[in-house]
Amino acid sequence: ALPAATDRELRQALTTMLPAEPSLGATLVAPDGSRFVHAPTASHLSLNLPAQSWRVRWVDLRSGKISGETTTAGGPTVRLMPPPSSALWLTPAAKR
């Protein structure tokens, strides 16, 4: 179950996502390419993302709130460093 304070936009996005990329742990992917990666003990994540700009949001797993946000370019090896006890939420940067 998600914490009560989970970001409302994230709750909505999760309803469109399906499991994918099992090598990354618990990863969900939406039809628009958005991803939610639950890898709370990972020291880094290496992802293969389509070549476009991505909005990167870290979700605090205890509170459900967004704990950090940035953008990154897609590519065959995108390496991200997660904060402790966080999940990764990626959306195409043009999507707001």
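Shown above is the structure to which this text applies.
Here we summarise the structure given alongside this text. This is a predicted model, so every value here is computed, not measured.

About the thresholds
Residues numbered from 1 in each chain as written. Predicted model: local features only at pLDDT ≥ 70, side-chain atom pairs only at ≥ 80, totals over all residues. Heavy atoms only, no water. Salt bridge = Lys/Arg side-chain N within 4 Å of Asp/Glu carboxyl O. Helix = DSSP H or I, 4+ residues; strand = E, 2+ residues; numbered from the N terminus. Buried < 20%, exposed > 50% of the residue type's maximum accessible area, 1.4 Å probe, protein only. Contact = heavy atoms within 4.5 Å. Phe/Tyr/Trp six-rings, centres within 6.5 Å; stacked < 30°, edge-to-face > 60°. Lys NZ or Arg CZ within 6 Å of the ring centre and 35° of its normal. Core = buried A, V, L, I, M, F, W, Y, C linked by side-chain atoms within 4.5 Å. Pairing = 2+ DSSP bridges.

Observations regarding the pattern of salt bridges
Stage number 1. In this structure the tally under the stated criterion is two salt bridges.
Stage number 2. Here Arg 57 ties to Glu 9 by a salt bridge, and the two come within 3.5 Å at their closest N and O atoms. With Arg 57 in strand E4 (residues 45-60) and Glu 9 in helix H1 (residues 8-14), this pair connects stretches of sequence that are 48 residues apart.
Stage number 3. Judged by its relative accessible area of 2%, Arg 57 falls in the buried class.
Stage number 4. Exposure remark for Glu 9: the relative accessible area of 36% places this residue in the partly exposed category.
Stage number 5. With a shortest N-O distance of 2.7 Å, Glu 69 and Arg 55 are connected by a salt bridge. Placement of Glu 69 in strand E5 (residues 66-80) and of Arg 55 in strand E4 is noted, with a sequence separation of 14 residues between them.

A short note on the side chain of Thr 6
Stage number 1. Positionally, Thr 6 belongs in the segment before H1.
Stage number 2. Once residues lying within four places of it in the same chain are set aside, the contact partners of Thr 6 are Arg 11, Ser 63 and Gly 64.

A short note on the packing of aromatic side chains
One pair of aromatic rings is described through two measures. These are the centre distance and the angle between the planes.
Stage number 1. Under the criterion given, the structure shown has zero aromatic pairs.
Stage number 2. Its end group placed over the ring of Trp 89, Arg 57 keeps NZ or CZ at 3.5 Å from the ring centre.

Some details on the nonpolar core
Stage number 1. Grouped together as the largest cluster of nonpolar side chains are 12 residues: Val 37, Ala 39, Leu 45, Leu 47, Leu 49, Trp 54, Val 56, Trp 58, Val 78, Leu 80, Leu 88 and Leu 90.
Stage number 2. Elements with a contribution of two residues or more to this core: E4, E5 and strand E6 (86-92).
Stage number 3. The biggest single contributor to this core is E4, with six residues.
Stage number 4. By size, the runner-up hydrophobic cluster in this structure holds nine residues, among which are Met 17, Val 59, Ala 87 and Trp 89.

Re the pairing of E5
Stage number 1. Where E4 meets E5, 11 bridges bridge the pair, whose relative direction is antiparallel. Counterpart to Arg 57 in the pairing with E5 is Glu 69.
Stage number 2. Hairpin connection of E4 to E5: five residues between the antiparallel strands, including Gly 64 at a positive phi of 80 degrees.

Purely spatial values, then, with no claim about function.
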